[in-house]
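Single-letter residue listing:
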Amino acid sequence: AQTVTQSQPEMSVQEAETVTLSCTYDTSESNYYLFWYKQPPSRQMILVIRQEAYKQQNATENRFSVNFQKAAKSFSLKISDSQLGDTAMYFCAFSLSGGSNYKLTFGKGTLLTVNP
Amino acid sequence: EAQVTQNPRYLITVTGKKLTVTCSQNMNHEYMSWYRQDPGLGLRQIYYSMNVEVTDKGDVPEGYKVSRKEKRNFPLILESPSPNQTSLYFCASRLAGHQETQYFGPGTRLLVL
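All values derive from a computational prediction rather than experimental measurement. (Residues numbered from 1 in each chain as written. Chains lettered and ligands numbered in written order. Predicted model: local features only at pLDDT ≥ 70, side-chain atom pairs only at ≥ 80, totals over all residues. Heavy atoms only, no water.)

A. Region of the structure containing the pattern of salt bridges. Evaluated as defined, the whole model comprises eight salt bridges over all chains. Measuring nitrogen to oxygen at the nearest pair gives 2.3 Å for the salt bridge that ties A:Lys103 to B:Asp59. Residue A:Lys103 is found in the loop between strand S10 (88-96) and strand S11 (105-106), and its partner B:Asp59 is found in the loop between strand S6 (54-57) and strand S7 (65-66); the two belong to separate chains. Put simply, B:Glu79 and B:Lys18 hold a salt bridge, and the shortest N to O gap is 4.0 Å. Of the two residues, B:Glu79 sits in the loop between strand S8 (76-78) and strand S9 (87-94) while B:Lys18 sits in the loop between strand S2 (10-13) and strand S3 (19-25), which places them 61 residues apart along the sequence. By relative accessible area, B:Lys18 is classed as exposed at 53%. Ionic contacts of the salt-bridge type, sharing partners, join the residues B:Lys18, B:Lys65 and B:Glu79 into one network. (Salt bridge = Lys/Arg side-chain N within 4 Å of Asp/Glu carboxyl O. Helix = DSSP H or I, 4+ residues; strand = E, 2+ residues; numbered from the N terminus. Buried < 20%, exposed > 50% of the residue type's maximum accessible area, 1.4 Å probe, protein only.)

Structure below.
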């Protein structure tokens, strides 16, 4: 079974600074996806960024980027120029790819607070 | 607009009173699933369905039932709710084989007294 570990229950950062959220995972498979989801106080699940395991290039979406280290099974999220609206719970998630019934496996989450 | 809807969004009930949380999607997705979110535990899958009349247990199915009589709907049934089922529930859907894009409903916050 796949597992996802987020070792930082809470983090804080000053507005405009950079912060990195950590995530490690465990799998014996080679084809999979990794995700970071944002959950603001509204509780909505918002996809921040996605990485395909077969791609060596790290995914980037505006101020959000990942550091994907496949051999180390590490998938960290970097938020640059942090904004107050980035305050949220962030979940790292994993899914095998290729099959019909593969589910999302989530980490326990990291609560990020951006301070003015 | 492509979306997953859930009803109700908030529910307070008492132990033992049967309830149903509805989930509907308008994207013709084959795969639908239910997750529950609890503090410090993240999201865990309760049940999933790969198509009409095809359902299976996820990681935490105890105390829940589901049905999939129509492709667009996937209700979650709590026949005898207990306080340990107080949680935030999410329905999600996607196309079969397309794990890269999952659509989540807005969530249902349930309090069982």
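B. Representation of the packing of aromatic side chains. Counted according to the given criterion, the structure contains 16 aromatic pairs over all chains. With a centroid separation of 5.4 Å and an interplanar angle of 65°, the aromatic rings of A:Tyr25 and A:Tyr32 are classed as edge-to-face. When the centroid spacing of 6.3 Å and the interplanar angle of 85° are considered together, the rings of A:Phe68 and A:Phe75 count as edge-to-face. Accessibility expressed as a relative area gives 0% for A:Phe75, which makes it buried. A network of ring pairs unites the aromatic residues A:Tyr33, A:Phe35, A:Tyr37, A:Phe91, A:Phe106, B:Tyr35, B:Phe90 and B:Phe104 as a single cluster. (Phe/Tyr/Trp six-rings, centres within 6.5 Å; stacked < 30°, edge-to-face > 60°.)

C. Region of interest: the sheet that holds S8(B). The antiparallel open sheet is built from four strands, whose spatial order is S1-S3-S8-S7 (chain B). Each edge of the open sheet is held by one strand with a lone partner, namely strand S1 (4-7) and S7 of chain B. (Pairing = 2+ DSSP bridges.)

D. Molecular detail of the state of the cysteines. Residue and element names in this part refer to chain A. Applying the stated criterion across every chain, the model contains two disulfides over all chains. Each disulfide pairs two cysteine sulfurs, and for Cys23 the partner residue is Cys92, the sulfurs being separated by 2.0 Å. Given an S-S torsion of about -70°, the disulfide between Cys23 and Cys92 has left-handed geometry. Taken together, the residues span a long stretch of sequence, with Cys23 in the loop between strand S3 (19-21) and strand S4 (24-26) and Cys92 in strand S10 at a distance of 69 residues. Accessibility classification places Cys23 together with Cys92 in one group, the buried group. (Disulfide = S-S within 2.5 Å.)

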